[in-house]
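This is what each chain is made of:
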Amino acid sequence: MRHWPIFGLRLTTPRLELRLPSMADLDALTDRALEGVHEPGFMPFLIPWTAAPVEELERSTIQYHLRVLAAWRPEDWTANFVVVHDGQVIGSQGMSGNDFAITREVSTGSWLGRAWQGKGLGTEMRAAVLHLAFAGLGAETARSSAFVDNPASLAVSRKLGYREDGTTVQAVQGRRRVDQRLLLNRADFTSPVPVEIHGLDACRAEFGA
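These lines cover the structure that appears in this document, whether it is placed above or below. It should be emphasised that the depicted structure is a prediction, and the values quoted were computed from it without experimental measurement.

Quick notes on the rules
- Residues numbered from 1 in each chain as written.
- Predicted model: local features only at pLDDT ≥ 70, side-chain atom pairs only at ≥ 80, totals over all residues.
- Heavy atoms only, no water.
- Pairing = 2+ DSSP bridges.
- Helix = DSSP H or I, 4+ residues; strand = E, 2+ residues; numbered from the N terminus.
- Axes fitted to C-alpha atoms, helices over the stretch in contact; angles between N-to-C directions.
- Contact = heavy atoms within 4.5 Å.
- Buried < 20%, exposed > 50% of the residue type's maximum accessible area, 1.4 Å probe, protein only.
- Phe/Tyr/Trp six-rings, centres within 6.5 Å; stacked < 30°, edge-to-face > 60°.

## Regarding the sheet that holds strand β4 (residues 88–98)
Right, on to step 1. The strand order across the open sheet formed by nine strands is β7-β8-β6-β5-β4-β3-β2-β1-β9, and the pairing between neighbours is mixed. A strand with exactly one partner marks an edge of an open sheet, and here the two such strands are β7 (163–172) and β9 (196–198). Strand-to-strand twist in this sheet, taken as the mean axis angle between neighbours without regard to direction, amounts to 25 degrees.
Right, on to step 2. Where helix α1 (residues 23–35) meets the sheet, its contacts fall on β2 (17–19), β3 (76–85), β4 and β5 (105–112), and the angle it forms with β4 comes to roughly 105 degrees.

## Some details on the environment of glycine 120
Right, on to step 1. Mapped onto the elements, glycine 120 comes out in the loop between β5 and α4 (121–136).
Right, on to step 2. Through-space distance from the C-alpha of glycine 120 to that of valine 156 is 8.6 Å; in sequence the pair is 36 residues apart.

## Quick look at the environment of tryptophan 111
Right, on to step 1. Tracing the backbone shows tryptophan 111 in strand β5.
Right, on to step 2. Exposure remark for tryptophan 111: the relative accessible area of 10% places this residue in the buried category.
Right, on to step 3. Distance from tryptophan 111 to glycine 166, taken between C-alpha atoms, is 23 Å for residues 55 residues apart in sequence.
Right, on to step 4. Beyond its immediate sequence surroundings of up to four residues, tryptophan 111 is in contact with Leu29, Arg32, Ala33, Val37, Phe45, Trp49, Gly91, Ser92 and Met125.

## A few points about the packing of aromatic side chains
Two numbers describe a pair of aromatic rings. These are the distance of the centres and the angle of the planes.
Right, on to step 1. Following the criterion strictly, the structure yields seven aromatic pairs and no others.
Right, on to step 2. With a centroid separation of 5.3 Å and an interplanar angle of 80 degrees, the aromatic rings of tryptophan 72 and phenylalanine 207 are classed as edge-to-face. With tryptophan 72 in the loop between α2 (54–70) and β3 and phenylalanine 207 in the segment after β9, the pair connects residues that are 135 residues apart, well separated along the chain.
Right, on to step 3. Accessibility expressed as a relative area gives 8% for tryptophan 72, which makes it buried.

Limitation: the analysis is restricted to geometry and does not speak to function.
Next comes the structure, spelled out in structure tokens:
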């Protein structure tokens, strides 16, 4: 897009491409959500969006991504990238910044279709946005969190250098859940894979950088 160049931003790793979604990408991403993101009976998300009925999940997945794009401002943004592997959309990797020009801090969240879990792709896609944050935008810190009974997500954070930063108790689907907060300092991050950033110069101001 000539008038909003964030859609030209691409992050590439040896196995993945991350980009802001087209309408066709959102259709494919919704397919992944419908196919399943986690085991039945386990909820890894603070907002249990995957528990919605099928018809609602179809609509809400697309509407959420469109709503986030529509709300984008340099002082408050969320980049929800689709993750593409071998030409197929396989999940979503988000990164947010609030008053980034001042705080120099981002937060991340992600999900991956079950068929692609356990292959190291979750680590690779988060490494891509962390490289964008630290090397591309000049972030100083990055935050994430995961429930203490979600060892796969916590393992990704450990691999990338995050440190535990306390816990928060949350009520999710009528149950008590303990959320492990995680903090990553710029000096502690080394990407386990090479990451290339394409198209950032044209849209750097959109991130408040």
